[in-house]
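Reading the structure
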Amino acid sequence: LFNGIYPFYPQQRKAFVFDVSTIIVIVVFLTLACSFLLIIPGIRGRARLYWTLRVLLSLVVGVVIVAVQFTGDWEMGWVKVNTSYKSFSSALVNADVGLHVGLAGVNVTLMGNPVHQVNETIDYNEHFSWSFDADYDHSYDKGLQKGLPSPILYVAEKFTTHSPCGVLRQYRISGHYASATLWVAFCTWLISNMLFSMPVLVYGGYMVLVTGAFMIFSLLSFSTVRNSLVCPIQFGTATLHIGYGGSFWLTLAIGLLCFVCGITVVALHYFNLDLLKTFFDLREEAAEECLEMNEVYVNPCFVKTGM
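None of the values given here were measured: they were computed from a predicted structure.

**What about the UniProt feature "transmembrane region" (unreviewed entry) in the protein chain?**
Taking the numbering used here, the UniProt-annotated feature "transmembrane region" (unreviewed entry) corresponds to residues 20-39, 51-71, 177-196, 202-225 and 246-271. In residues 177-196, helix accounts for 100% and strand for 0%; the two terminal C-alpha atoms are 29 Å from one another. Helix makes up 100% of residues 246-271 and strand 0%, with an end-to-end C-alpha separation of 37 Å.

Shown next, in the form of structure tokens:
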């Protein structure tokens with residue numbers, strides 16, 4: 001006991017699934033998508049299909065740009081270990097140790113195989129933040145005071161400032177610039193949507209290209225952490241290897257999609273402008289004007305008065 005308090009959690013924390021901020025972002029964009037689906041019946045003809053494709057594609061790009069800011073799987077890795085569970089104890093547990101690296105911190109997960117071992121439920125997930133407004137070492141010290149399991153503390157210690165690995169500064173700087181470039185990509189995404197709502201489609205295509213470029217820049221910024229020496233995370237004979245996770249590859253895919261869409265818009269502007277205007281529903285007014293003059297009705301009163 002430390003000051004009369006048992007050093008381990010009375011109730012185990014659940015494993016990491018989704019961050020609350022990520023859920024909020026997804027709910028906001030789903031609300032926008034559902035609101036658009038409600039007004040789709042009011043759009044006539046093939047324009048309904050074009051509007052649906054444009055809006056949903058734009059919302060997918062926007063939600064990915066914002067959501068990956070808060071996800072924790074830019075880098076990730078798992079390993080099965082047979083290791084000690086507590087300090088000053090010889091008891092061994094069989095568990096999976098996971099490491100999830102995000103732009104603003106790291107999540108360390110410990111899940112027992114089976115979950116119930118040594119008279120406890122082994123199902124932990126701990127977040128350690130390294131953003132510029134957070135103190136990673138302080139978070140690690142709080143973990144020591146709580147009495148977190150030894151595997152979690154061992155992995156988290158690799159990222160402390162006093163660790164011989166020295167990767168905390170590299171991760172913090174690369175994550176900061178990756179996040180900054182993604183927010184710039186979000187701003188250019190907003191500008192591209194504004195330009196597409198006006199008869200300046202080619203400039204909207206250029207801004208989509210800029211959006212994709214900034215998303216690629218964010219990936220390059222985060223990838224610079226690979227230039228630093230990686231300390232081995234060893235559990236006996238097992239080694240925890242980490243690689244690029246789902247958020248990294250999703251950002252890459254959406255960035256390439258922006259390049260494809262931007263190049264297509266610019267190419268159609270120079271080679272087939274009529275098709276581009278049809279897709280963006282800018283030729284409908286001209287067509288209606290031509291149809292308005294098919295029949296002419298003359299008021300007999302004006303004919304009698306010589307007008």
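**Here we look at the sheet that holds strand 3 (residues 105-117)**
Two orientations exist for strands paired in a sheet by backbone hydrogen bonds: parallel and antiparallel. Read across the open sheet, the five strands follow the order 4-3-2-1-7; overall the sheet is antiparallel. Each edge of the sheet is formed by a strand with only one pairing partner; in this case those strands are strand 4 (120-129) and strand 7 (243-244). Sheet topology note: the strand 2 (residues 92-101)/strand 3 ladder contains seven bridges and is antiparallel. Looking at strand 3, one finds that A95 is bridged to G112.

**Here's the deal with the packing of aromatic side chains**
Applying the stated criterion across every chain yields a total of 20 aromatic pairs. Pairing F196 with F280 gives two aromatic rings, centres 4.9 Å apart and planes at 25°, and the pair type is stacked. Of this pair, F196 sits in helix 5 (residues 168-196) while F280 sits in the loop between helix 8 (273-279) and helix 9 (284-292), placing them 84 residues apart in sequence. Overall, the relative accessible area of 9% leaves F280 in the buried class. Taking the centre distance of 6.3 Å and the plane angle of 70° together, the rings of Y203 and Y206 count as edge-to-face. With Y203 and Y206 both in helix 6 (residues 201-223), this residue pair falls three residues apart, about one helical turn. What makes Y206 partly exposed here is its relative accessible area of 33%. Here a set of aromatic residues connected by ring pairs shows up, and it is made of W74, F222, Y244, F248 and W249. Above the plane of the ring of W51 lies R54, whose end atom (NZ or CZ) is 4.4 Å from the centre. Directly above the aromatic system of F279 lies the positively charged group of R54, at a separation of 5.9 Å from the ring centroid.

Here is what the cut-offs are and how they apply
- Residues numbered from 1 in each chain as written.
- Predicted model: local features only at pLDDT ≥ 70, side-chain atom pairs only at ≥ 80, totals over all residues.
- Heavy atoms only, no water.
- UniProt positions renumbered as here; feature names shortened; annotations may be inferred.
- Helix = DSSP H or I, 4+ residues; strand = E, 2+ residues; numbered from the N terminus.
- Pairing = 2+ DSSP bridges.
- Phe/Tyr/Trp six-rings, centres within 6.5 Å; stacked < 30°, edge-to-face > 60°.
- Buried < 20%, exposed > 50% of the residue type's maximum accessible area, 1.4 Å probe, protein only.
- Lys NZ or Arg CZ within 6 Å of the ring centre and 35° of its normal.

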